Amino acid sequence: MRLVFMGTPEFAVPCLEHILQAGHQVCAVYTQPDKPKGRGYTLTPPPVKQCALSHGIAVYQPATMKDGQAAAQLREINPECIVVVAYGKILPPEIIHLPEKGCINVHASLLPRYRGAAPIQWSVIRGEKKSGVTTMYMDEGLDTGDMLLKAECPIDSTMTAGELHDQLSALGAELIVRTLAQLEKGEITREKQDDSQSCYAPMLDKKLSWIDWNKTAQEVHNLIRGLQPWPVAQTKLMGKTLKIHKSRLSKMTGEQPGAVLSQHPFIVCCGDGVSIEVLEVQLEGKKRMAAEDFFRGHPVELSTVLGI
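Report on the accompanying structure.

Basis of the calculations
- All residue numbers refer to position in the chain's written sequence, counted from 1.
- Local features in a predicted model are, by the rule used here, given only for residues with pLDDT of at least 70; side-chain atom pairs are given and counted only at 80 or more, and totals for whole chains, interfaces and linings are based on all residues.
- Side-chain metrics in this entry use all non-hydrogen atoms of the structure; hydrogen atoms and water are not considered.
- For patch detection, residues must exceed 30% relative accessible area and be free of salt bridges, and they are connected within 9 Å for like charges or within 5 Å for nonpolar side chains (Val, Leu, Ile, Met, Phe, Trp, Tyr).
- Per-residue and other accessible areas follow the Shrake-Rupley method at a 1.4 Å probe size, with only the shown protein chains counted as cover for residues.
- A side-chain nitrogen of Lys or Arg and a carboxyl oxygen of Asp or Glu constitute a salt bridge if their distance falls within 4 Å.
- Within this scheme the basic residues Lys and Arg register as positive and the acidic residues Asp and Glu register as negative, but His and the chain ends are omitted.
- Here the site of a charge means atom NZ of a Lys, CZ of an Arg, CG of an Asp or CD of a Glu.
- Only runs of H or I of at least four residues qualify as helices and only runs of E of at least two qualify as strands under DSSP, and these elements are numbered from the N terminus.
- Three exposure classes are used, based on accessible area relative to the maximum for each residue type with a 1.4 Å probe and protein chains only: buried under 20%, partly exposed in between, and exposed over 50%.
- Each polar contact in these results corresponds to two N or O atoms within 3.5 Å; when the atoms are within protein, one needs to be able to donate a hydrogen and the other to accept it, and residues that are neighboring in sequence are counted only if both atoms are side-chain atoms.
- Two strands qualify as a pair provided that DSSP identifies no fewer than 2 bridges between them.
- By the convention used here, residues are in contact when the closest approach between their heavy atoms is within 4.5 Å.
- In this analysis, axes come from line fits to C-alpha atoms, helices being fitted only over the stretch in contact, and the angle between any two N-to-C directions falls in the range 0 to 180 degrees.
- By definition in this entry, angles of less than 35 degrees are roughly parallel, angles greater than 145 are roughly antiparallel, angles of 65 to 115 are roughly perpendicular, and the rest are oblique.
- Definitions for this section: a left-handed crossing has its near helix turned counterclockwise from the far helix by less than a right angle. A right-handed crossing has that turn clockwise.
- Three categories are distinguished: nonpolar for Ala, Val, Leu, Ile, Met, Phe, Trp, Tyr, Cys and Pro, charged for Asp, Glu, Lys and Arg, and polar for the others, with Gly belonging to the last.
- We call a set of buried Ala, Val, Leu, Ile, Met, Phe, Trp, Tyr and Cys residues a nonpolar core when their side-chain atoms join them within 4.5 Å.

Some points on a negative patch on the surface
There is a patch of like negative charges on the surface, built from Glu10, Asp156, Glu163 and Asp166. Within the secondary structure, Asp156 sits in the loop between strand 9 (147-154) and helix 6 (161-185).

Structural notes on the pattern of salt bridges
Inspection of every chain in the model, using the stated rule, returns 10 salt bridges. For Asp34, the salt bridge is made with Lys49, and the minimal N-O distance between the two is 3.2 Å. Within this pair, whereas Asp34 is found in the loop between strand 2 (25-30) and strand 3 (35-37), its partner Lys49 is found in helix 2 (residues 47-54), the two being separated by 15 residues in sequence. Among the salt bridges present, the one from Arg115 reaches Asp195, with a minimum N-O distance of 2.7 Å.

Digging into the side chain of Thr304
Within the secondary structure, Thr304 is located in the segment after helix 8 (291-297). Of the residues examined, Thr304 reaches a relative accessible area of 19% and is grouped as buried. A polar atom in the side chain of Thr304 sits 2.7 Å from the backbone oxygen of Glu301.

Points about the sheet that holds strand 1 (residues 2-7)
Strands sit in the order 5-2-1-6-7-8-9 across an open sheet of 7 strands; the sheet is mixed. Single-partner strands in this sheet number two, and they are strand 5 (59-60) and strand 9. Alignment of strand 2 against strand 5, held across 2 bridges, turns out to be parallel. Looking at strand 5, one finds that Val29 is bridged to Val59. Sheet strands touched by helix 3 (residues 69-77): strand 1, strand 2, strand 5 and strand 6 (81-85). Its angle to strand 2, the strand with the most contacts, is close to 170°. Relative to the sheet, helix 6 contacts strand 1, strand 6, strand 7 (103-107), strand 8 (130-137) and strand 9, its axis offset from that of strand 9 by approximately 150°.

Side note on the packing of helix 1 (residues 13-21) against helix 2
It is the contact of helix 1 with helix 2, at a shortest axis distance of 9 Å, that shows an interaxial angle of 20°. Overall, the two elements helix 1 and helix 2 adopt an arrangement that is roughly parallel. Once helix 1 is placed against helix 2, the crossing between them reads as right-handed. The segment helix 1 lies against helix 2, with Val13, Leu16 and Glu17 engaging Pro47, Val48, Cys51 and Ala52. Residues that form the contact of helix 1 with helix 2 fall into these classes: 6 nonpolar, no polar and 1 charged.

Remarks on the pairing of strand 2
Where strand 1 and strand 2 come together, 5 bridges link them in parallel fashion. When the sheet's bridge partners are listed, Phe5 is paired in strand 2 with Val29.

With respect to the nonpolar core
Among the nonpolar cores identified, the biggest contains 41 residues, and Phe5, Val83, Leu168 and Leu180 are the most heavily contacted of them. With 9 residues, the top contributor of residues to this core is helix 6. Excluding residues that lie within four positions of it along the chain, Leu168 makes contacts with Phe11, Ala108, Ile120, Ser131, Gly132, Val133 and Cys153. Grouped together as the second largest cluster of nonpolar side chains are 31 residues, Val220, Leu242, Val268 and Leu283 included.

Looking at the pairing of strand 7
Judged by how many residues are buried, strand 7 sits mostly within the fold: 5 of 5 residues are covered. Where strand 6 meets strand 7, 3 bridges bridge the pair, whose relative direction is parallel. For Val84, the partnering residue across the bridge sits in strand 7 and is Asn105. Sheet analysis places strand 7 next to strand 8, joined by 4 bridges and oriented antiparallel. Of the residues in strand 8, the one forming a bridge with Ile104 is Tyr137.

Observations regarding the packing of helix 1 against helix 6
Viewed as axis vectors pointing N to C, helix 1 and helix 6 meet at an angle of 35°, and their least axial separation amounts to 8 Å. Taken as a pair, helix 1 and helix 6 cross one another with a handedness that is right-handed. For the pair helix 1 and helix 6, contact is made by Pro14, Cys15, His18 and Ile19 and by Ser169, Gly172, Ala173, Glu174, Ile176, Val177 and Leu180, respectively. The class makeup of the residues in the contact of helix 1 with helix 6 is 7 nonpolar, 3 polar and 1 charged.

Put into structure tokens, the structure is as follows:
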């Protein structure tokens with residue numbers, strides 16, 4: 001099929017690669033504008049742009065999709081279908097309804113659950129046991145269109161959002177190829193979403209990263225997993241910010257939320273009396289390291305309370 005692909009981050013790259021490998025003609029790629037990155041604020045193209053250029057595909061990076069210019073371009077390109085994967089821009093109705101076979105979105109959750117910008121992270125933060133990918137027809141709502149195909153992925157007790165991201169990215173690439181094959185043959189079946197089963201996954205905010213030690217050990221552990229690799233869960237240790245990159249549940253119990261129960265291993269009590277073992281940390285201005293190595297050089301008295 002003649003396609004236009006819209007996507008921006010690394011998550012979308014396998015989808016584009018698999019679509020090309022399946023023999024579809026990608027006439028153009030739309031992605032976010034280049035952004036400054038790193039200490040030198042070097043203008044850096046998004047991963048999808050880099051992938052598209054390596055395949056000789058025309059790339060468009062409009063600041064907005066709502067001024068009519070993108071719609072006019074797309075009418076000239078005249079794709080049979082538009083595939084959207086983590087593009088990061090709202091498409092107006094005139095674009096959604098433009099292609100003959102519709103706009104197909106790859107969404108990183110088992111819809112109708114976790115509609116919104118950060119389904120992967122919130123699935124982990126809220127302690128879900130499984131996640132997955134859904135392909136869907138786009139409509140004018142927020143991830144509310146009719147569902148097409150789904151693929152599931154288990155979330156084990158140690159999986160981080162970053163690890164789940166990688167698994168769902170690969171799963172999504174396989175699923176979009178299957179979806180397009182069925183769509184091309186006219187064999188696709190669409191299913192309405194049950195809005196009563198939906199929940200929202202809002203964009204992540206750095207304010208979410210502060211650990212509330214009054215929460216249960218499971219909730220704290222889930223937050224640490226869900227905010228890895230960004231923005232990373234953090235707390236205060238003797239007045240300094242301490243990022244916690246990795247943890248696991250501990251059998252040690254205590255009474256004071258946030259209190260240090262052991263230094264080697266480093267164990268902190270949570271609000272339900274259960275504790276977590278902190279495995280990897282990063283003090284402000286320092287490198288990420290194993291907690292055992294860090295606290296060997298930064299001894300902390302037992303009963304010190306984090307977050308104060």
